Amino acid sequence: LIVLGGGPGGYVAAIRAAQLGMKTALVEREFLGGVCLNIGCIPSKALLKNAAVVEEIRHASDFGIQVDKFTPDYAKAYDRSRNVSNRLVKGVEFLMKKNKIQVFMDEGTLTARDTVELKKAGSKLTAKNVIIATGARPISIPGLTIDGKDVITSREAILSNQVPSPIVVVGAGPIGMEFAYIYHSYGADVTVVEMLPHLLPREDPEVSAELEKSMSKFGVKFRVNTKVESADKIGGAEKSGDKIRLKVSSGGKEDAIEAQKVLVAISVRPNSENLGLEGLGIKTTRGAIDVGDQMQTNVPGVYAIGDVTMKLPLAHVA
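The following refers to the structure shown.

1. Some thoughts on the pairing of strand β5 (residues 115–118)
1) Next: One ladder, built from four bridges, connects strand β4 (residues 108–112) with β5; its direction is antiparallel. The partner of A112 across the bridge, within β5, is T115.
2) Next: Examined bridge by bridge, β5 and strand β6 (residues 124–126) share three bridges and lie antiparallel to one another. Looking across to β6, one finds that E117 is bridged to K124.
3) Next: Linking β5 back to β6 in an antiparallel pair, the connection comprises five residues, with G122 at a positive phi of about 70°.

Dropping the structure here:
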């Protein structure tokens, strides 16, 4: 078996295959553990824990505990999140060795049903079966160009030890709401903009209603039924680092929100390019690989799991 992608879908599949006696190789172009362990759910949960502790201390008097002065340090919270992430990634590296899985830190392309070509090494691997587990990446919307400095994604947010303020979060899904909570806990002025009628629009309406109540009480501003039209740098494009003016519209009315940074957290698109899918005739729908009940593609011996199938782009689903 060759597994393309070392995220929660790929590395777990490789381990299980090896345990079941298969000779297994894993190809990963960036980091073992994928987005989740390195720049996604794991470091974000560490930051959320820090934010929750900050809030507990801030309201310690509710529990009869007097705290006169305390200084929340986001840089220290960031350091802790990186340590948590690195520890788990080392754990995955250990599991690869323990289960005798050959790991190739490289970019793989399918050149035949049973052949993966490694871009950097210039060599080929062959196997009876291939699992594509290449994940997904954040997308933006027209008029809002991600530059990684002023308009950022969760990747840049999670790899920064600074709290931007004011900040506009575009998208009120789990990622957007996590950062809204974290940043506001550390004193940022946060506005969430969501095109649909509720925060967490894909959850049950009761969940959204509860969250909206608690976020209002907490002090996170949010605007639902609001569409982002465009973003401009105040003072001209050459003045990077100045504020961003985000033009939004709601109910036929337009206005603007100014921010130091804009965090785009609307959705993801599957990493299905440059894998050789077209050459093998592997079927996709809007970039997502089509699979049956056993995660098999229309080409025998080739399977796809996790975000690249866009069934439900969550680590535990992968």
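2. A few points about the sheet that holds strand β13 (residues 227–233)
1) Next: Read from one edge of the open sheet, three strands run β13-β14-β15, paired in antiparallel fashion. The open sheet is flanked by β13 and β15 (253–259), the only strands paired with a single partner. Between one strand axis and the next, the sheet turns through 25° on average, direction left out of account.
2) Next: Pairing between β13 and strand β14 (residues 244–250): six bridges, direction antiparallel.

3. A short note on unusual backbone geometry
1) Next: With an omega dihedral of -10°, the bond running from S165 to P166 counts as a cis peptide bond.
2) Next: Along the chain, P166 falls in the loop between α5 (154–158) and β10 (167–170).
3) Next: Its identity as a non-glycine residue notwithstanding, N274 has a phi of 55°, on the positive side.
4) Next: Overall, N274 belongs to the exposed group, its relative accessible area being 61%.

4. A closer look at the packing of aromatic side chains
1) Next: In the structure shown here, the tally under the stated rule is four aromatic pairs.
2) Next: Between Y74 and Y186 the ring centres are 5.1 Å apart and the planes differ by 75°, which places this aromatic pair in the edge-to-face class. Taken as a pair, Y74 in helix α4 (residues 74–98) and Y186 in the loop between α6 (174–185) and β11 (190–193) lie far apart in primary sequence, 112 residues in all.
3) Next: Y74 gets classed as buried once you look at its relative accessible area, which sits at 5%.
4) Next: Considering the side-chain rings of F179 and Y183, the 5.6 Å spacing of their centres and the 40° angle between planes classify their relative orientation as tilted. Taken together, the residues F179 and Y183, both in helix α6 and four residues apart, mark about one turn of the helix.

Calculation rules
- Residues numbered from 1 in each chain as written.
- Predicted model: local features only at pLDDT ≥ 70, side-chain atom pairs only at ≥ 80, totals over all residues.
- Heavy atoms only, no water.
- Pairing = 2+ DSSP bridges.
- Helix = DSSP H or I, 4+ residues; strand = E, 2+ residues; numbered from the N terminus.
- Axes fitted to C-alpha atoms, helices over the stretch in contact; angles between N-to-C directions.
- Buried < 20%, exposed > 50% of the residue type's maximum accessible area, 1.4 Å probe, protein only.
- Phe/Tyr/Trp six-rings, centres within 6.5 Å; stacked < 30°, edge-to-face > 60°.

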